[in-house]
Amino acid sequence: MDVVEGLRQLIEGALSSPWLLLVILGLAVIDALLPAVPSEALIIGGGVAAASGSQELVLVVAAAAAGSFVGESIAYFIGRRLGPAVRRRMVPGTTRATTYAHVEHLLHTRGGLILLTGRFIPAGRTVAALAAGATGLAGRRFAFFTAPGTVLSAGWSALLGFLGGAAVAGDPLIALLVGMAAGTVVTTAIGLARRGRPGAPGAEPETTAPVPVGTRS
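Not measured: the values here are computed from a predicted model.

Conventions and cut-offs
- Residues numbered from 1 in each chain as written.
- Predicted model: local features only at pLDDT ≥ 70, side-chain atom pairs only at ≥ 80, totals over all residues.
- Heavy atoms only, no water.
- Helix = DSSP H or I, 4+ residues; strand = E, 2+ residues; numbered from the N terminus.
- Buried < 20%, exposed > 50% of the residue type's maximum accessible area, 1.4 Å probe, protein only.
- Contact = heavy atoms within 4.5 Å.
- Salt bridge = Lys/Arg side-chain N within 4 Å of Asp/Glu carboxyl O.
- Phe/Tyr/Trp six-rings, centres within 6.5 Å; stacked < 30°, edge-to-face > 60°.
- Polar contact = N/O pair within 3.5 Å; in protein donor to acceptor, adjacent residues only side chain to side chain.
- Expected span 1.5 Å × (residues − 1).
- Core = buried A, V, L, I, M, F, W, Y, C linked by side-chain atoms within 4.5 Å.
- pLDDT = per-residue confidence, 0-100.

K.L.:
Please clarify how the overall build of the protein should be interpreted in this entry.
P.N.:
When helices and strands are counted, the protein shows eight helices and zero strands. Listed by position from the N terminus, the elements making up the protein come as α-α-α-α-α-α-α-α. Going through the 217 residues of the protein one by one, you find that 41% of them count as buried. Considering only contacts in the protein between residues 6 or more positions apart, those separated by 24 or more positions represent 78%.

Written out as structure tokens, the structure is:
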């Protein structure tokens, strides 16, 4: 019990820290580049803190969205930089070239939907941003859909924490666990649903009428 109480006090102190927003922003940047470093738990924690009055919900969302946008933009420019080299390695008619052309076609026809919803599956936003850059998706279009997407995903995570904190007032540890559990369940459900949809990221590529590499729609 002493360990649990100590953990509860540690979480409460961290969530009320004036540095929390900067940590959320920085971790969101890293998370967009390295999905193995999850920022969602911290954003949910920021929502819990907002429910207790120690943080502002709007600022938590703004910090998370700004960090995510910066990180995804870096991933986009990395993809843009590596794109020509990737194309040169493609041998027409191979499975890799066909898959690349399929992804390119999807991004240039349904890129907005992918950039908005891909972030709700594991590593989805990183892959989408890298692919958008590599396939030459226009920077303005990337920013147009990525900016609201970051606000949407950040707001969703923060709201989970806020609702959990409001439901379990006075116990930040339980509220954080509730928010993380809800986020995991919903993310898993979305990932499974998208995997079964033709044309969605993670689904099997279409085999009919492949788009030639380098084609723009």
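Now, onward.
K.L.:
What should I look at first to understand the pattern of salt bridges in this one?
P.N.:
Two side chains bearing opposite charge may form a pair once their charged atoms approach each other closely. Going through the model one piece at a time under the given rule, you end up with three salt bridges. With a shortest N-O distance of 2.8 Å, glutamate 72 and arginine 119 are connected by a salt bridge. Taken together, the residues glutamate 72 in helix H4 (residues 57–89) and arginine 119 in the loop between helix H5 (95–117) and helix H6 (124–134) connect sequence positions 47 residues apart. In this structure, the salt-bridge partner of glutamate 72 is arginine 125, at a minimum N-O distance of 3.5 Å. One end of the pair, glutamate 72, is in helix H4; the other, arginine 125, is in helix H6, and 53 residues separate them in sequence.

K.L.:
How do you make sense of the packing of aromatic side chains when you look at a structure like this?
P.N.:
When we look at a pair of aromatic rings, we describe it by the centre distance and by the angle of the planes. Counted by the stated rule, this structure contains three aromatic pairs. With centroids separated by 5.3 Å and ring planes inclined at 80°, the aromatic side chains of tyrosine 76 and phenylalanine 77 adopt a geometry described as edge-to-face. Overall, phenylalanine 77 belongs to the exposed group, its relative accessible area being 55%. Between tyrosine 76 and phenylalanine 142, the ring centres sit 4.4 Å apart and the planes meet at 20°, which makes this aromatic pair stacked. Of this pair, tyrosine 76 sits in helix H4 while phenylalanine 142 sits in helix H7 (residues 139–167); the two residues are 66 residues apart in sequence, bridging distant segments of the chain. Each member of the pair tyrosine 76 and phenylalanine 142 is classed as buried. The rings of Tyr76, Phe77 and Phe142 are connected pair by pair, giving a single aromatic cluster.

K.L.:
Please explain the environment of threonine 146 as it appears in this structure.
P.N.:
The residue threonine 146 is located in helix H7 in this model. On the accessibility criterion, threonine 146 (0% relative accessible area) is buried. Separated by 30 residues in sequence, threonine 146 and leucine 116 have C-alpha atoms that sit 6.5 Å apart. Those residues within four positions of threonine 146 in sequence are excluded, and the remaining contacts are Phe69, Glu72, Leu115 and Arg119. Here the side chain of threonine 146 touches phenylalanine 142 through a polar contact of 2.7 Å, landing on its backbone oxygen.

K.L.:
Teacher, can you tell me more about H7 here?
P.N.:
Spanning 29 residues, H7 covers 42 Å between terminal C-alpha atoms, matching the ideal 42 Å at 1.5 Å per step. Among all positions of H7, only Phe142, Thr146, Gly149, Thr150, Ser153, Ala154, Ser157, Ala158, Leu160, Gly161, Gly164 and Gly165 are buried.

K.L.:
Would you take a moment to explain the nonpolar core for this structure?
P.N.:
Soluble globular proteins: nonpolar side chains tend toward being buried together. In terms of nonpolar packing, the biggest core is built from 13 residues, with Ile24 and Ile43 touching the most fellow members. Mapped by element, the contributors of at least two residues to this core are helix H2 (20–33), helix H3 (40–52), H4 and H7. Among the elements that line this core, the one with the most residues is H4, at five residues. When near neighbours in sequence (up to four residues on either side) are disregarded, isoleucine 43 contacts Ile24, Val60, Ala64, Ala154, Ser157 and Ala158.

K.L.:
I tried to follow the side chain of serine 39 on my own but got confused; where do I start?
P.N.:
Turning to its location among the elements, serine 39 is positioned in the loop between H2 and H3. Given the relative accessible area of 3%, serine 39 is considered buried. Beyond its immediate sequence surroundings of up to four residues, serine 39 is in contact with Leu27, Ala28, Asp31 and Arg125.

K.L.:
I would appreciate a short explanation of the environment of glycine 155 in the present structure.
P.N.:
Mapped onto the fold, glycine 155 is located in helix H7. Looking at glycine 155, the relative accessible area reads 22%, which means it is partly exposed. Note: C-alpha distance between glycine 155 and glycine 47 (108 residues apart in sequence) is 9.0 Å.

K.L.:
Sorry if this is basic, but what is going on with the confidence of the model for the protein here?
P.N.:
Caution is warranted with low-pLDDT regions, since their predicted coordinates should not be read in detail. Considering every residue of the protein, the mean pLDDT works out to 77; 71% of them sit at 70 or more. Within the protein, the element-level pLDDT minimum falls on helix H1 (residues 2–15), averaging 63, and the maximum on H2, averaging 92.

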